[in-house]
Amino acid sequence: MRPGELSRVLPTLLALRTPIPLQGADDDFSAAVSARQQALLDFYAAGLAAYAGDQDAWQEALARALRMEPENPYFRSF
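Conventions we followed
Residues numbered from 1 in each chain as written. Predicted model: local features only at pLDDT ≥ 70, side-chain atom pairs only at ≥ 80, totals over all residues. Heavy atoms only, no water. Core = buried A, V, L, I, M, F, W, Y, C linked by side-chain atoms within 4.5 Å. Buried < 20%, exposed > 50% of the residue type's maximum accessible area, 1.4 Å probe, protein only. Helix = DSSP H or I, 4+ residues; strand = E, 2+ residues; numbered from the N terminus. Contact = heavy atoms within 4.5 Å. Phe/Tyr/Trp six-rings, centres within 6.5 Å; stacked < 30°, edge-to-face > 60°. Polar contact = N/O pair within 3.5 Å; in protein donor to acceptor, adjacent residues only side chain to side chain. pLDDT = per-residue confidence, 0-100.

A closer look at the nonpolar core
Then, in step 1: Counting seven residues, the largest nonpolar core is built from Ala39, Phe43, Ala46, Ala61, Leu62, Ala65 and Phe75.
Then, in step 2: Elements that contribute at least two residues to this core include exactly helix 2 (27-52) and helix 3 (55-68).
Then, in step 3: Ignoring anything within four residues of it in the chain, the contact list for Ala39 reads Ala65, Met68, Glu69 and Phe75.

Now the structure itself:
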């Protein structure tokens with residue numbers, strides 16, 4: 001990846017996201033999907049903060065993602 005591409009492209013992609021279309025899901029499943037999605041968004045925020053050099057924001061966002069998914073190998077690699 002070229003330098004700066006993540007910081008340039010990811011915010012645009014995040015702005016295009018739409019709600020996950022769940023049909024027939026009960027409240028527990030919908031809440032679990034939302035929580036996982038938030039963990040991924042926190043992970044993305046950590047990446048953007050890291051590229052921006054904001055260590056405090058990077059650590060906070062990654063900690064939130066890891067609280068939701070402590071065994072996620074991709075999150076843990078950071």
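Having put the structure on the table, let's press on.
What to know about the packing of aromatic side chains
Then, in step 1: Evaluation of the coordinates by the stated rule reveals three aromatic pairs.
Then, in step 2: Residues Phe43 and Tyr44 carry aromatic rings whose centres are separated by 6.4 Å and whose planes lie at 50 degrees to one another, so their mutual orientation is tilted.
Then, in step 3: For Phe43, a relative accessible area of 7% corresponds to the buried category.
Then, in step 4: For Tyr44, a relative accessible area of 27% gives the class partly exposed.
Then, in step 5: When the centroid spacing of 4.6 Å and the interplanar angle of 20 degrees are considered together, the rings of Phe43 and Phe75 count as stacked. Of the two residues, Phe43 sits in helix 2 while Phe75 sits in helix 4 (residues 73-76), which places them 32 residues apart along the sequence. One exposure class covers both Phe43 and Phe75, and it is buried.
Then, in step 6: Members of the aromatic cluster, joined through ring pairs, are Phe43, Tyr44, Tyr74 and Phe75.

Quick notes on the side chain of Asn72
Then, in step 1: Relative to the helices and strands, Asn72 is located in the loop between helix 3 and helix 4.
Then, in step 2: Look at Asn72 and you get buried, because its relative accessible area is 17%.
Then, in step 3: Of the polar contacts made by the side chain of Asn72, one reaches the side chain of Glu69; its length is 2.9 Å.
Then, in step 4: From its side chain, Asn72 meets the backbone nitrogen of Phe75 in a polar contact 3.1 Å long.

What about the confidence of the model for the protein chain?
Caution applies to low-pLDDT parts of the model: their predicted coordinates are not meant to be read in detail.
Then, in step 1: Residues at a pLDDT of 70 or more form 99% of the protein chain, whose mean pLDDT is 91.
Then, in step 2: For the protein chain, the element scoring lowest by mean pLDDT is helix 4, at 88; helix 3 scores highest, at 96.

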